Amino acid sequence: MAKIIVVTSGKGGVGKTTTSASFATGLAARGKRTVVIDFDVGLRNLDLIMGCERRVVFDFVNVIQGEANLRQALIKDKQNDKLCILAASQTRDKDALSQDGVERVLNELAKDFDYIVCDSPAGIERGAHLAMYFADEALVVTNPEVSSVRDSDRVLGLLASKTRLTELGNGRVKEHLVLTRYNPQRVEKGEMLSVQDVQDILAVPLLGVIPESQSVLTSSNSGSPVILDQTNDAGVAYDDLVARFLGEDRPHRFLDVQKKGFLSKLFGG
């Protein structure tokens, strides 16, 4: 039985699609048959980060509206045959998604995949609601700033009340907190909320802290999920996140200011 995971947030630009791409890539790297779906109709970005934008012929909306089947629309990742991408449409509006259509596609995908990762649009409109409605678990992505955390709190309210699990009385979506663009130096200066501040506000178990890193932008621009670059902190942090999600016990890193050693101070490192 496939598990459906939504990657969501209240605010745009917090790293949702970056997280979806790296999370799905990490699951596939561990042998899990994984498909990642872009629900952001009209603002398609997932295929760019996954490096497959030139191979998009049919998209999610085409499948929902019967203009193509899943075999035609699914794009197999070039590096891992256990990973597939279902792109969003750039030319339709969000009303092109229907609850029945989304359910039909998810049910069909569930026959062939272990994990279905839904990359949600920001906010609380239709696309975001449909991305979370069928979810079993949710990665709630937020930045360590007050407005982002406040908006994520609103999304947590929707996850607790407007999903299929809650409507059917079958429990609730399991929530995980992903804190992105974290900078311990700025936290120390009082310019950014700390991990503990965010946890106190949202009261969601922490799955991963992704440090602020230029490598995230560089990887996105090159069409390669940052988790594939294990030479930088952000890539390592996403690898830790996937490992924790699958039950591995890994300590959280990149939470504290790195103190310079004597030789680094001496040589200005």
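Cut-off values and rules
Residues numbered from 1 in each chain as written. Predicted model: local features only at pLDDT ≥ 70, side-chain atom pairs only at ≥ 80, totals over all residues. Heavy atoms only, no water. Pairing = 2+ DSSP bridges. Helix = DSSP H or I, 4+ residues; strand = E, 2+ residues; numbered from the N terminus. Core = buried A, V, L, I, M, F, W, Y, C linked by side-chain atoms within 4.5 Å. Buried < 20%, exposed > 50% of the residue type's maximum accessible area, 1.4 Å probe, protein only. Contact = heavy atoms within 4.5 Å. Axes fitted to C-alpha atoms, helices over the stretch in contact; angles between N-to-C directions. Left-handed = near helix turned anticlockwise from the far one by under 90°. Nonpolar A, V, L, I, M, F, W, Y, C, P; charged D, E, K, R; others polar. 1 Å grid on protein atoms, 1.4 Å probe; cavity = no way out; pocket = protein on both sides within 12 Å on 5 of 7 lines; lining within 4 Å. Points joined across faces, edges and corners; volume = space filled by probe spheres on them.

This part is about the sheet that holds strand β3 (residues 75-76). Taken in spatial order, the 8 strands of this open sheet run β3-β4-β2-β5-β1-β6-β7-β8, and their pairing is mixed. At either end of the open sheet lies a strand with only one pairing partner, and these are β3 and β8 (206-211). Sheet analysis places strand β2 (residues 34-38) next to strand β4 (residues 83-86), joined by 4 bridges and oriented parallel. Paired with Ile-37 across the strands is Leu-86, a residue of β4.

The subject of this paragraph is the nonpolar core. Formed by 51 residues in total, the largest nonpolar core has its most connected members in Phe-39, Phe-60, Ile-116 and Leu-159. Looking at which element gives the most residues to this core, the answer is helix α7 (residues 146-161), with 5 residues. In contact with Ile-116, other than residues within four places in its own chain, are Ala-2, Lys-3, Ile-4, Ile-5, Val-35, Ile-37, Leu-106, Leu-109 and Ala-110. Ile-5, Leu-27, Cys-52 and Leu-241 belong to the second largest nonpolar core, which has 36 residues in total.

Before going further, it helps to examine the packing of α7 against helix α10 (residues 195-202). The interhelical angle for the contact between α7 and α10, taken along N-to-C directions, is 35°, at an axis separation of 10 Å. Between α7 and α10 lies a crossing of right-handed hand. Residues Val-149, Ser-152, Asp-153 and Leu-156 of α7 touch α10, and the partners they reach there are Val-198, Ile-201 and Leu-202. When grouped by side-chain class, the residues that make up the contact of α7 with α10 number 5 nonpolar, 1 polar and 1 charged.

Over the atoms, a rolled probe matching the size of one water molecule traces out where space is still vacant. A full pass over the atoms with the stated rule returns 1 cavity of 30 Å³ or more. For the largest cavity, the full set of lining residues is Val-209, Ala-237, Asp-240, Arg-244, His-252, Arg-253 and Phe-254. The element best represented in the lining of the largest cavity is helix α12 (residues 233-245), accounting for 3 residues. Residues that form the lining of the largest cavity fall into these classes: 3 nonpolar, 1 polar and 3 charged.

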